[in-house]
Amino acid sequence: MMSWERQITIKSKRELEIMRTAGKINAEALQAVADLTQPGVTTAELNAAADAVLKKYGVYSPFFNYPGAYPYPASTTISVNEELVHGIPGKRVLKEGDIVSVDCGTVYEGFVADSAITVPVGEVSELTRKLLTVTEESLYVGIKLMAPGNRVGDVSSAIQNFVEDKGFFVTREYTGHGVGRDMHEGPQVPNYGVPGRGILLRPGMTIALEPMVLIGTPATRVLKDQWTVISADRSLTAHYEHTVAITEDGPVILTMLEDGSKPGRKM
Ligand code: MG
Ligand code: MG
């Protein structure tokens, strides 16, 4: 288990600009994965598409060699269907109707951007589409509240209420987090909580907000590879994440594409 007694760091305007550049590169890597996602492609090929973008910019992913039971072996985590997070890219071949959650990180000039999308493979069922829509919308519901003066609990509870009102569940075991020179800084930002509680949000804080949503129950377990997290009942899961700066003018999403649009397949 990670320690969450981690420092909150306040970034300068200059540092936020660096993180925005990291975020653009990260978004381009996710877009490359989304563009390649189709039936017949392996998860290793998706990871290679992200790697090619990182290489083009001469940057690397903080995921690679991330400490765990053994060092994490790839630049992205690629989690299919019941896999919630931390799936290791490999030989698995995607099928029509699958969904694939891609999480990527970028280190640029010493600062980290961290972002994830869930991409449908070909045509997906109505329930699957609803899961993706609800999970993605819950991310933006949370981001809207990332303004100075609000607290972590305001963001966390808004995500939880939005997801649970739609009949789905948020995970309890994995959370969003501060991000900066380290991929995991304070504060911890769960996807559940109580309004008015928790750390006060201040300008210059940067947070990776990441709703992880399950259809059946909130329970998860870790596979024998000691990385991949799945839903305990093996029902479908989805994951979206942005790195967001809290500024005097409100939240600024740092992990959008160069043109300001979000990465992913247009649905
Ligand atoms: Mg991530
Ligand atoms: Mg994260």
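As the structure is a computational prediction, the values presented were derived from the model and not from experiment. (Residues numbered from 1 in each chain as written. Chains lettered and ligands numbered in written order. Predicted model: local features only at pLDDT ≥ 70, side-chain atom pairs only at ≥ 80, totals over all residues. Heavy atoms only, no water.)

A. Looking closely at unusual backbone geometry. With an omega dihedral of -5°, the bond running from Gly186 to Pro187 counts as a cis peptide bond. Along the chain, the position of Pro187 falls in strand 7 (residues 185-189). In this structure, Asn65 takes a positive phi of about 70° despite not being glycine. Residue class for Asn65 comes out partly exposed when judged on its relative accessible area of 46%. At Gln226, a residue that is not glycine, the phi angle is positive and equals roughly 70°. (Helix = DSSP H or I, 4+ residues; strand = E, 2+ residues; numbered from the N terminus. Buried < 20%, exposed > 50% of the residue type's maximum accessible area, 1.4 Å probe, protein only.)

B. Structural context of the packing of aromatic side chains. For the structure shown, the criterion picks out two aromatic pairs. Ring centres 6.4 Å apart and planes at 90° place the aromatic pair Tyr70 and Trp227 in the edge-to-face group. With Tyr70 in the loop between helix 2 (43-56) and strand 1 (76-80) and Trp227 in the loop between strand 10 (220-222) and strand 11 (229-231), this residue pair connects regions lying 157 residues apart in the sequence. Judged by its relative accessible area of 12%, Trp227 is buried. Taking 5.1 Å as the distance between ring centres and 80° as the angle between the ring planes, the aromatic pair formed by Tyr72 and Trp227 counts as edge-to-face. (Phe/Tyr/Trp six-rings, centres within 6.5 Å; stacked < 30°, edge-to-face > 60°.)

C. Examining the coordination of the magnesium ion (ligand 1) more closely. Every protein donor of the magnesium ion (ligand 1) is listed here as Asp103 (OD), Asp103 (OD), Asp114 (OD) and Glu241 (OE), and their distances to the metal cover 2.0 to 2.3 Å. Written as a sequence motif, the donor residues of the magnesium ion (ligand 1) are D-x10-D-x126-E. The two metals, the magnesium ion (ligand 1) and the magnesium ion (ligand 2), are separated by 3.1 Å and share Asp114 as a common coordinating residue. Highlighted residues: Asp103 in strand 3 (residues 99-108) and Asp114 in strand 4 (residues 111-120), separated in sequence by eleven residues. Take Asp103: its relative accessible area is 7%, and that puts it in the buried class. (Donors = N, O, S within 2.8 Å, 3.2 Å for Na, K, Ca; no water.)

D. View of the pairing of strand 4. Of all the ten residues making up strand 4, ten are buried; the element is thus mostly covered by neighbouring parts of the structure. Burial along strand 4 is two-sided: the residues Phe111, Ala113, Ser115, Ile117 and Val119 and Val112, Asp114, Ala116, Thr118 and Pro120 are all buried. Both strand 3 and strand 4 contribute to a ladder of ten bridges, which runs antiparallel. Note that in strand 4 the partner of Asp103 across the bridge is Ala116. Where strand 3 folds back onto strand 4 in an antiparallel hairpin, the turn is made up of two residues, including Glu109, whose phi is positive at roughly 45°. (Pairing = 2+ DSSP bridges.)

E. A look at the sheet that holds strand 5 (residues 169-170). Ordered by their spatial adjacency, three strands build an open sheet running 5-9-12, and the pairing between neighbours is antiparallel. Bordering the open sheet on either side are strand 5 and strand 12 (237-239), each of which pairs with just one other strand. Of the pairings in the sheet, the one linking strand 5 to strand 9 (residues 212-214) comprises two bridges and is antiparallel in character. Each bridged residue has a counterpart across the sheet, and for Phe169 the counterpart in strand 9 is Leu214. Running over the sheet, helix 3 (residues 126-144) touches strand 9 and strand 12 and is turned about 35° from strand 12. (Contact = heavy atoms within 4.5 Å. Axes fitted to C-alpha atoms, helices over the stretch in contact; angles between N-to-C directions.)

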